[in-house]
Amino acid sequence: MASLRHVKIKTGSCKRVLKELLSYEKEVKQEAEKTADMKEKGADLYDLKQQEDTFAARFALTLRAEENVLAESRMMIPDCRKRLEVSLADLKAALKEVKESSQDGPDISEAESIVLEVECCFRQNKSSNLLA
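Since this is a predicted model, take the numbers as computed values, not measurements. (Residues numbered from 1 in each chain as written. Predicted model: local features only at pLDDT ≥ 70, side-chain atom pairs only at ≥ 80, totals over all residues. Heavy atoms only, no water.)

**Description of the overall build of the protein**
Turning to step 1, where the next piece is worked out: A count of helices and strands for the protein gives three helices and zero strands.
Turning to step 2, where the next piece is worked out: Beginning at the N terminus, the succession of helices and strands in the protein can be written as α-α-α.
Turning to step 3, where the next piece is worked out: Relative to its full complement of 132 residues, the protein shows a buried share of 30%.
Turning to step 4, where the next piece is worked out: Intrachain contacts of the protein at a sequence separation of at least 6 include 84% that bridge at least 24 residues.
Turning to step 5, where the next piece is worked out: A total accessible area of about 9,000 Å² is found for the protein, and carbon and sulfur atoms account for 55% of it. (Helix = DSSP H or I, 4+ residues; strand = E, 2+ residues; numbered from the N terminus. Buried < 20%, exposed > 50% of the residue type's maximum accessible area, 1.4 Å probe, protein only. Contact = heavy atoms within 4.5 Å. Areas by Shrake-Rupley, 256 points an atom, 1.4 Å probe, with all protein chains shown as cover.)

**Here we look at the UniProt feature "coiled-coil region" (unreviewed entry) in the protein**
Turning to step 1, where the next piece is worked out: Per the UniProt record, "coiled-coil region" (unreviewed entry) is annotated on residues 14–41.
Turning to step 2, where the next piece is worked out: Structurally, residues 14–41 is divided into 100% helix and 0% strand, and its ends, taken at the C-alpha atoms, are 40 Å apart. (UniProt positions renumbered as here; feature names shortened; annotations may be inferred.)

**With respect to the state of the cysteines**
The term disulfide refers to a covalent linkage connecting the sulfur atoms of a pair of cysteines.
Turning to step 1, where the next piece is worked out: Applying the stated criterion across every chain, the model contains zero disulfides.
Turning to step 2, where the next piece is worked out: Cys-121 takes part in no disulfide bond, and the closest cysteine sulfur to it belongs to Cys-120, at a distance of 7.5 Å. (Disulfide = S-S within 2.5 Å.)

**Comments concerning the pattern of salt bridges**
Turning to step 1, where the next piece is worked out: In this structure the tally under the stated criterion is six salt bridges.
Turning to step 2, where the next piece is worked out: Note that Arg-83 is salt-bridged to Glu-20, the shortest N-O span being 2.8 Å. Linking Arg-83 in helix α2 (residues 53–100) with Glu-20 in helix α1 (residues 4–45), this pair joins segments that are 63 residues apart in sequence.
Turning to step 3, where the next piece is worked out: Its relative accessible area of 24% is what places Glu-20 among the partly exposed residues.
Turning to step 4, where the next piece is worked out: One salt bridge in this structure joins Glu-112 and Lys-99, with 2.4 Å as the shortest N-O distance. One end of the pair, Glu-112, is in helix α3 (residues 106–131); the other, Lys-99, is in helix α2, and 13 residues separate them in sequence.
Turning to step 5, where the next piece is worked out: Residue Glu-112 is classed as partly exposed on the basis of its relative accessible area of 30%.
Turning to step 6, where the next piece is worked out: Judged by its relative accessible area of 46%, Lys-99 falls in the partly exposed class.
Turning to step 7, where the next piece is worked out: By sharing partners, the salt bridges in this structure join Glu-20, Asp-79 and Arg-83 into a single network. (Salt bridge = Lys/Arg side-chain N within 4 Å of Asp/Glu carboxyl O.)

Put into C-alpha cells, the structure is as follows:
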C-alpha cells in the first residue's frame with residue numbers, strides 16, 4: 001500500500017526526469033543551431049588557400065565534435081521519455097492508492113500538479129512531432 005511518503009518520492013522522481021528531459025531537448029535545440037551555424041560558416045572556410053589549411057582542419061574537427069554532442073543528446077531523449085512514462089505510471093498508481101485509502105496532505109496536490117505537467121509535456125511533444 002502506498003503512503004504519502006511514497007507519493008512524495010515518486011513526485012520527486014517525476015520532477016527530476018522531467019527536468020532532465022527538458023534539459024536534453026533544450027540542449028538538442030542549442031547544439032543543432034550551433035552546428036548549423038558552424039556548417040554555414042565552414043562553407044567559406046574550405047575555399048581558403050593552403051596556408052590556412054590547419055585552421056580548416058581544426059574547424060572540421062570541432063564541427064565533428066559538435067555533431068557528436070548533438071547525436072548523443074538526441075539519443076538520450078527517447079530514453080528519458082521512457083523513464084518519464086514509467087515514473088508517471090508509478091506516480092499515478094501511488095496517487096490512486098493514497099486517494100482510495102482516504103489519506104490527505106499537501107503532497108497529493110503537488111503530485112497531481114506534476115501529473116498534469118508531465119501529461120501536458122507529452123501532448124506538446126506529440127503535437128510538435130506531428131508538425132515536423
